[in-house]
Amino acid sequence: PGKLSMIRIQPKVYSISEAAVDRFDYKDRKCVDTSNKEISLEMFDSYSLPNCLVAATYTQIAENCPGFVLDSSFNNTGTILACVIEHMSQVGRWKTEKMSQKQCFDSCNRQENVVSVSTQ
C-alpha cells in the first residue's frame, strides 16, 4: 500500500584559511571572501553569488536591449520587455558583471547539502 522513503541530508561546510585569503586574489582562489567586502557590486549592498549573477545579467540586458531603463518604475514595454524577460530567464549564463569587470564566484565560507534518498 505504501513506501517508506528515507531522506538523508548531510551538510558539508567549506571554509578557507586567512593565509589563503591574504595570499591569493579571489580569481585565483575561485571564491569570494564576503567578510571583508572583497567584491562590491554597484546594484547590491552585499555580495552573494546570486546577486552577482543577476548583476551580470543586467549588464547583458543593458547592452542587448536597446531602450532598456532600470529605474524604480520599470516602465519597459513591448519588445524591450520581451528582451528583458528573455535575458532574465537565463540568469547564471553570464559570470562577469561587466560594469565592474568582477567575476562571479561562490563564497569561500559556505555550506552545501548532500542529499540521498532510499526507499523500501
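The structure under discussion appears in the preceding block.
Let me begin by describing the structure that accompanies this report. (Residues numbered from 1 in each chain as written. Predicted model: local features only at pLDDT ≥ 70, side-chain atom pairs only at ≥ 80, totals over all residues. Heavy atoms only, no water.)

This part covers the pattern of salt bridges. One pass over the full model with this rule turns up 3 salt bridges. The shortest N-O distance in the salt bridge between K98 and E63 comes to 3.4 Å. You can see K98 sitting in the loop between β2 (96-97) and β3 (102-103) and its partner E63 sitting in helix α3 (residues 49-64), a full 35 residues away along the chain. On the basis of relative accessibility, which here comes to 36%, the residue K98 falls in the partly exposed class. Ionic pairing is found between R110 and E112, a salt bridge with its closest N-O pair at 3.0 Å. The partly exposed category is assigned to E112, whose relative accessible area is 33%. Residues participating in the shared-partner salt-bridge network are D106, R110 and E112. (Salt bridge = Lys/Arg side-chain N within 4 Å of Asp/Glu carboxyl O. Helix = DSSP H or I, 4+ residues; strand = E, 2+ residues; numbered from the N terminus. Buried < 20%, exposed > 50% of the residue type's maximum accessible area, 1.4 Å probe, protein only.)

So, on to the side chain of T59. The topology assignment puts T59 in helix α3. T59 sits in the buried class, given a relative accessible area of 5%. A distance of 2.7 Å separates the side chain of T59 from the backbone oxygen of A56, its partner in a polar contact. Apart from residues lying up to four places away in sequence, T59 is in contact with T96, E97, K98 and M99. (Polar contact = N/O pair within 3.5 Å; in protein donor to acceptor, adjacent residues only side chain to side chain. Contact = heavy atoms within 4.5 Å.)

Looking now at the packing of aromatic side chains. One pass over the full model with this rule turns up 2 aromatic pairs. The interplanar angle of 70° and the centroid separation of 5.9 Å between the aromatic rings of Y26 and F105 together place this pair among those described as edge-to-face. With Y26 in helix α2 (residues 26-29) and F105 in the loop between β3 and β4 (110-119), this pair connects stretches of sequence that are 79 residues apart. The same class applies to Y26 and to F105, which are both buried. Directly above the aromatic system of Y14 lies the positively charged group of R110, at a separation of 4.9 Å from the ring centroid. (Phe/Tyr/Trp six-rings, centres within 6.5 Å; stacked < 30°, edge-to-face > 60°. Lys NZ or Arg CZ within 6 Å of the ring centre and 35° of its normal.)

Grouped together as the largest cluster of nonpolar side chains are 9 residues: Y26, V32, I39, L41, Y47, C52, L53, C104 and F105. If near-sequence neighbours (up to four positions away) are discounted, F105 is found in contact with Y26, K27, K30, C31, V32, Y47 and L49. If you look at the next biggest cluster of nonpolar residues, it comprises 6 residues, including I61, C65, C83 and V84. (Core = buried A, V, L, I, M, F, W, Y, C linked by side-chain atoms within 4.5 Å.)

Turning our eyes to something else, we now look at the state of the cysteines. A full pass over the atoms with the stated rule returns 3 disulfides. Between the sulfur atoms of C31 and its disulfide partner C108 the distance amounts to 2.0 Å. Where C31 bonds to C108 through sulfur, the torsion about that S-S bond is close to 90°, and the disulfide is right-handed. Of this pair, C31 sits in the loop between α2 and α3 while C108 is found in the loop between β3 and β4, placing the two residues 77 residues apart along the sequence. Like C31, the residue C108 is buried in the burial classification. Here the bonded cysteines of the chain are numbered in sequence order, and their pairing is 1-6, 2-5, 3-4. (Disulfide = S-S within 2.5 Å.)

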